[in-house]
Amino acid sequence: MKDGYKNLMRAMPFLPDGASRYMVVYIIVASLLSIMDIAALMALAFSMTSILSSQDIVIPVVGWRFGQNQYVWVILAISAVILLKAVLSLVQQWFATRRFADFEMDLGRTLFDAYLGAPWVDRLGRSTSELVRMADVGVAAINAGLILPLMGLPAMLISSLTVIAILLVAQPVTAIVTLFYLGLIAMLIYWLLSRRTLEAGRVNRRYSFKAAGLMTDMVGALKEVTLRDKFTEVSSVVQDARFHATRARANIQFLGSVPKFVMDFALIGGLIIIGAASFLISGTMDAAINAVVLFTVSAIRLIPALTGFQGTVNVLNSNASQVRAILRDIEEAQTYIERRKVAGRQPLAHDPRELVLDNVSFTYPNRVDPAIRDISMTIRMGTSVAFVGESGSGKSTLVDVILGLLEPQQGTIRIDGQDLDDVLANWRSLIGYVPQDVSLFDGTIEQNVALTWKGEIDREKVIECLKKAQMWETTLERPGGLQATIGERGIGLSGGQRQRLGIARALYADPLILILDEATSALDSETEAEVSKAIHNLRGEVTMISIAHRLSTVKDSDVLFFMKDGRVVTSGTFSEVIAAAPDFARQAALSGLGSNVEVSGSASSEGER
Ligand SMILES: Nc1ncnc2c1ncn2[C@@H]1O[C@H](COP(=O)(O)OP(=O)(O)OP(=O)(O)O)[C@@H](O)[C@H]1O
């Protein structure tokens, strides 16, 4: 309970303006309505006992007295108050559910922005399915598992206190016995259930995230799973995780229903105890019946309040680990959300002329050895450069550092003397990037080229880019042309078509720098030649930074940087690198290119300078 309040205080700064005022008003209105409800019901109970014994109705606390000829009017007035309360509660709920949904929207936006804008190294440490679940189910848990239950608590508390107050005035002994008796049972339930619900919530979160992650991975590898007939294994691994999650959810549900049944027992037990006690004390049957009626009426109001209270505790506990995780993510994100607003926002003084890396090293958080180390190089704008080297030598990491996605732990990166960190936004706006796996989304071809879900699309430009990327013919062949949809992750396209669409997308941004990370690896030789020609035609217009294992793609680059174990071993033209690096000469020979190149032995080692 204390944790719930603490979590609400942590969430408050991220809720919309006026949220705390709204919550206070909500609590006051709900409390007043519940006082109104209890007062009416208690008045009804007292009236009924008086009517049954044909006495004047005396409303306790206020002391109003009504004779037998006013019975009907009293009952009608009380019923009207009860109905009015029901209508007002409904209206309040209608407005409140909408307002609380706004809270959820705001939190969801903050969290999603945080995930999108998180530093790339943080992003690498999280699985996609975890992020999706956190931004969806997790945010909903803040509303349904924290704010709503806590908002209902004060009214519940007030209705219990009102019942107790009325009982204390009307029948002090019955009130004290009822209170003591039901309070003891409520405490016992609280003590028995709280820890278990907390644990069940934790298990549910852990295993439902695990099951979602496993399912995402396995659906991704569905082709291989099908071919190797691994369905049984896959299904049993997922089932294991789901078993724990569903069992935990079943426990949460069961624990949630326990208080109601225990209280039903308590009610029957209470009737016997109160009736007997009252008879023994007063010695009359009338007094015993009166006490039993009063106990029943007060218990009927107190029990929902107590079970509601325990229900609230259950909901808070079963959502606690989820809520804490979301709040932690949102809080951690604040530092870089604030930083992002100002950092990297300086403009470049002019179109960039050179990018200079000086002694740059980067180590992934979970690794000991640097992925790239002591990299010093100058890339002149307008030229074409290529990073070559065996798999794992650090080429993609170097590109990510140049893109400003990974922040090196050592060294500096400058664009015409300006620190990359200072001008990052401007620098990125000049870059067109084609990754190894182009991430396409379930939209039309033109939406994918323009990388927009609902923004304006310059159709002429889309066509021009598709033509340059050798994708225009394929687009025309599709029913719908530019408006043809390409399915989830571009599943309706071949690997080569996806890459060409990726190139068109990169070109759409009018980049000054085009970074191609194995961007033509899935193309057949003929298409690759065409795409390479198109890319080649951009030379002079744009700076080209390429990574390619297929050396034919990069052999005409102005400068090649040959990488090994995270270092730049040598650099120069294709033939210069062949002459300086036997490893590269061997690679070139294997590609059928080595024998055709002139081995000059005059390779520069710009990378080492
Ligand atoms: N997210 C990551 N976390 C930890 N280590 C990583 C991560 N990404 C890459 N590495 C490691 O960093 C080193 C360089 O990897 P990188 O992907 O930069 O090589 P590469 O030359 O681009 O390889 P390839 O040609 O196969 O794409 C490798 O040892 C790799 O295992």
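Residues numbered from 1 in each chain as written. Predicted model: local features only at pLDDT ≥ 70, side-chain atom pairs only at ≥ 80, totals over all residues. Heavy atoms only, no water.

**Here we look at the overall build of the chain**
- Looking only at helices and strands, one finds 19 helices and 12 strands in the chain.
- For 609 residues, the compact-globule formula gives about 25 Å, and the C-alpha radius of gyration of the chain, at 36 Å, lies well above that figure.
- The dimensions of the chain, computed from C-alpha atoms along their principal axes, are 120 × 50 × 45 Å.
- Across the 609 residues in the chain, those meeting the buried criterion constitute 45%.
- The contacts in the chain between residues at least 6 apart in sequence include a share of 73% that link residues at least 24 apart.
- In the structure as shown, the chain presents an accessible area of about 31300 Å², 59% of it carried by carbon and sulfur atoms. (Helix = DSSP H or I, 4+ residues; strand = E, 2+ residues; numbered from the N terminus. Rg over C-alpha atoms; globule rule 2.2 N^0.38 Å. Buried < 20%, exposed > 50% of the residue type's maximum accessible area, 1.4 Å probe, protein only. Contact = heavy atoms within 4.5 Å. Areas by Shrake-Rupley, 256 points an atom, 1.4 Å probe, with all protein chains shown as cover.)

**Quick look at the sheet that holds strand S5 (residues 384-389)**
- The strand order across the open sheet formed by 6 strands is S8-S9-S10-S5-S11-S12, and the pairing between neighbours is mixed. Strands with a single pairing partner mark the edges of an open sheet, and in this sheet they are strand S8 (431-434) and strand S12 (567-572). The average angle at which neighbouring strand axes cross in this sheet is 15 degrees, direction not considered.
- In this sheet, S12 lies alongside strand S11 (residues 559-564) in antiparallel orientation, the contact comprising 5 bridges. (Pairing = 2+ DSSP bridges. Axes fitted to C-alpha atoms, helices over the stretch in contact; angles between N-to-C directions.)

**Some points on the pattern of salt bridges**
- Here the structure, examined in full by the defined rule, presents 15 salt bridges.
- Measuring nitrogen to oxygen at the nearest pair gives 2.9 Å for the salt bridge that ties Lys461 to Asp510. Linking Lys461 in helix H13 (residues 459-468) with Asp510 in the loop between helix H15 (495-508) and strand S9 (513-517), this pair joins segments that are 49 residues apart in sequence.
- Between Glu464 and Lys468 there is a salt bridge, and its shortest N-O distance comes to 3.5 Å. Of this pair, Glu464 and Lys468 both sit in helix H13, 4 residues apart, roughly one helical turn.
- A relative accessible area of 33% places Lys468 in the partly exposed class.
- Overlapping salt bridges bring together Asp3, Lys6 and Arg324 as one network. (Salt bridge = Lys/Arg side-chain N within 4 Å of Asp/Glu carboxyl O.)

**Comments concerning the site of the ligand**
- In the vicinity of the ligand there are 15 residues, among which Ser391, Gly392, Ser396, Thr397 and His549 approach most closely.
- Taking Ser393, its main chain carries an N or O atom lying 3.1 Å from an oxygen atom of the ligand.
- Calculation on the ligand without its partners gives an accessible area of 630 Å², and the protein chains cover 70% of this total.
- Considering only residue class, the shell around the ligand consists of 3 nonpolar, 9 polar and 3 charged. (Near = heavy atom within 4 Å. Polar contact = N/O pair within 3.5 Å; in protein donor to acceptor, adjacent residues only side chain to side chain. Nonpolar A, V, L, I, M, F, W, Y, C, P; charged D, E, K, R; others polar.)

**A few points about the pairing of strand S10 (residues 543-547)**
- Across the 5 residues of S10, 5 count as buried, placing the element largely inside the fold.
- In the sheet, S9 pairs with S10 via 5 bridges, with the strands oriented parallel. From the neighbouring strand, Asp517 faces S10, where its bridge partner is Ile547.

**Describing the nonpolar core**
- Counting residues in hydrophobic clusters, the biggest one holds 36 residues, and the most contacted among them are Phe387 and Trp427.
- The contact partners of Phe387, leaving out residues within four places of it in the chain, are Met377, Ile379, Lys395, Leu398, Val399, Ile402, Ile545, Ser546, Ile547, Ala548, Phe561 and Met563. (Core = buried A, V, L, I, M, F, W, Y, C linked by side-chain atoms within 4.5 Å.)

**Section: the packing of helix H1 (residues 2-11) against helix H5 (residues 128-170)**
- Interaxial distance between H1 and H5 falls to 10 Å at its minimum, and their mutual angle equals 115 degrees. For the pair H1 and H5, the sense of crossing is left-handed. Residues Gly4, Tyr5, Asn7 and Leu8 of H1 form the contact with H5, whose own contacting residues are Leu146, Ile147, Leu150 and Met151.
- A breakdown of the residues in the contact of H1 with H5 according to their chemical character gives 6 nonpolar, 2 polar and no charged. (Left-handed = near helix turned anticlockwise from the far one by under 90°.)

**Things to note about the confidence of the model for the chain**
- Overall, the prediction assigns the chain a mean pLDDT of 84, with 95% of residues at 70 or greater.
- Note that pLDDT drops below 50 for residues 596-609; the model gives that stretch 36 contacts with residues more than four away or on any other chain. (pLDDT = per-residue confidence, 0-100.)

**Some words on unusual backbone geometry**
- With a phi close to 45 degrees, Asp374 is a non-glycine residue in the positive phi region.
- In this structure, Gln470 is a non-glycine residue whose phi angle is positive, near 60 degrees.
- Among the structural elements, Gln470 can be located in the loop between H13 and helix H14 (472-477).
- Given the relative accessible area of 26%, Gln470 is considered partly exposed.

**Let's talk about the packing of aromatic side chains**
- If you walk through the whole model with that rule in mind, you get 9 aromatic pairs.
- Relative to Trp453, the ring of Phe441 lies with its centre 4.2 Å away and its plane at 20 degrees, an arrangement referred to as stacked. Of this pair, Phe441 sits in the loop between S8 and helix H12 (445-450) while Trp453 sits in the loop between H12 and H13, and the two are 12 residues apart along the sequence.
- Note on Phe441: relative accessible area 12%, which makes it buried. (Phe/Tyr/Trp six-rings, centres within 6.5 Å; stacked < 30°, edge-to-face > 60°.)

**Some words on helix H10 (residues 395-402)**
- With 7 of 8 residues buried, H10 lies mostly within the body of the structure.
- Backbone geometry just after H10 places Gly404 at a positive phi near 80 degrees.

**Topic: the side chain of Ser384**
- Relative to the assigned elements, Ser384 resides in strand S5.
- With a relative accessible area of 2%, Ser384 lands in the buried category.
- Setting aside its immediate chain neighbours within four residues, Ser384 contacts Arg539, Met544, Asp556, Ser557, Asp558 and Val559.

**Some details on a nonpolar patch on the surface**
- Where nonpolar side chains cluster on the molecular surface, the patch consists of Val24, Ile28, Leu32 and Ile35 and spans about 340 Å² of accessible area.
- For Leu32, the position within the fold is in helix H2 (residues 19-52). (Patch = residues over 30% accessible without salt bridge, like charges linked within 9 Å, V, L, I, M, F, W, Y side chains within 5 Å.)

**Details of the packing of helix H6 (residues 172-220) against helix H8 (residues 231-282)**
- Two elements in contact, H6 and H8, have axes separated by 7 Å at closest approach and are oriented at 170 degrees. If you check the angle between H6 and H8, you find them roughly antiparallel. (Parallel < 35°, antiparallel > 145°, perpendicular 65-115°, else oblique.)

**Some remarks on the sheet that holds strand S4 (residues 372-380)**
- The strand order S4-S3-S6-S7 describes an open sheet built from 4 strands, whose pairing is antiparallel. Strands at the two margins of the open sheet, each flanked by one partner only, are S4 and strand S7 (418-419).
- Summarising the sheet, strand S3 (residues 354-362) and strand S6 (residues 410-415) pair through 5 bridges and their orientation is antiparallel. Looking across to S6, one finds that Val356 is bridged to Arg414.

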